[in-house]
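Commentary on secondary and tertiary structure
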Amino acid sequence: GRGRVARGGGLQRRRAACVSRGAPAASTPMKTHRAEVLRNRREMKAREEVLALMDACREVAVSEAVMRFAARLVGASDPSSKSAPAVVKSAIRVGAGVRGAQSLVLAAKSVALLEGRPNASFADVQRVAKPVLRHRLIRSFEGEADGVTADDVVKALIDAVPTVPEKVERAALS
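A few points on the structure.

Criteria and thresholds
- Residues numbered from 1 in each chain as written.
- Predicted model: local features only at pLDDT ≥ 70, side-chain atom pairs only at ≥ 80, totals over all residues.
- Heavy atoms only, no water.
- Helix = DSSP H or I, 4+ residues; strand = E, 2+ residues; numbered from the N terminus.
- Buried < 20%, exposed > 50% of the residue type's maximum accessible area, 1.4 Å probe, protein only.
- Contact = heavy atoms within 4.5 Å.
- Phe/Tyr/Trp six-rings, centres within 6.5 Å; stacked < 30°, edge-to-face > 60°.
- Polar contact = N/O pair within 3.5 Å; in protein donor to acceptor, adjacent residues only side chain to side chain.

1. Details of the environment of Leu-106
Within the fold, Leu-106 resides in helix α4 (residues 98–114). Accessibility expressed as a relative area gives 30% for Leu-106, which makes it partly exposed. Here the alpha-carbon distance between Leu-106 and Val-62, two residues 44 residues apart in the chain, equals 9.4 Å. In this structure Leu-106 touches Cys-57 and Arg-58, once residues within four positions along its chain are discounted.

Take a look at the structure:
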């Protein structure tokens, strides 16, 4: 039906925000009209500011290494992956997908922008990993029965996936 998406063998409701606007407080038609005009101006200004922030966010730089780290985090969330931690293999049925990595990078850029930095870092990706990935992981029956939460899994991913791959560290030491 409308408003539902198929995911992991079942239908789930889409997560979206619903903003409720009540009736104007003014009782006369003229006051109501004035209030509506002012509200529309404020909403338009806020909309323009949000669009400007979205454009600015997309301009924040992200190194190739940070993007690869986000991809490795998402890759390790797949229980069939060699790099998946034990908790992923036992508690997750379906890991995050490509959009998870894209969302990690975009959210990391947002954090950098809010903190006034020109580029996103490994720490930014780690900071946003829980809110970005928690709803993208589908737990297995065993995971649910054992009480393993999606946040537990994301923490394990952050702990298990190094910011710099082992191969790169070895090459740097050689």
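2. With respect to the packing of aromatic side chains
Applying the stated criterion across every chain yields a total of 1 aromatic pair. A ring pair is formed by Phe-69 and Phe-122, whose centres lie 5.7 Å apart and whose planes are at 80°; its orientation type is edge-to-face. With a gap of 53 residues between them, Phe-69 in helix α2 (residues 64–76) and Phe-122 in helix α5 (residues 122–133) connect regions that are remote in the sequence.

3. Here's the deal with the environment of Lys-89
Mapped onto the secondary structure, Lys-89 falls in helix α3 (residues 86–91). Sequence-wise, Lys-89 and Ser-140 are 51 residues apart; in three dimensions their C-alpha atoms are separated by 9.3 Å. Here Lys-89 is in contact with Pro-79, Ser-81, Lys-82 and Ala-84, once residues within four sequence places are set aside.

4. Focus: the side chain of Ser-140
Here Ser-140 shows up in the loop between β6 (138–139) and α6 (141–145). A relative accessible area of 9% means that Ser-140 is categorised as buried. At 3.1 Å, the side chain of Ser-140 forms a polar contact with the backbone oxygen of Ser-90. A polar atom in the side chain of Ser-140 sits 3.1 Å from the backbone nitrogen of Gly-143. When near neighbours in sequence (up to four residues on either side) are disregarded, Ser-140 contacts Ser-90, Ala-91, Ile-92 and Arg-93.

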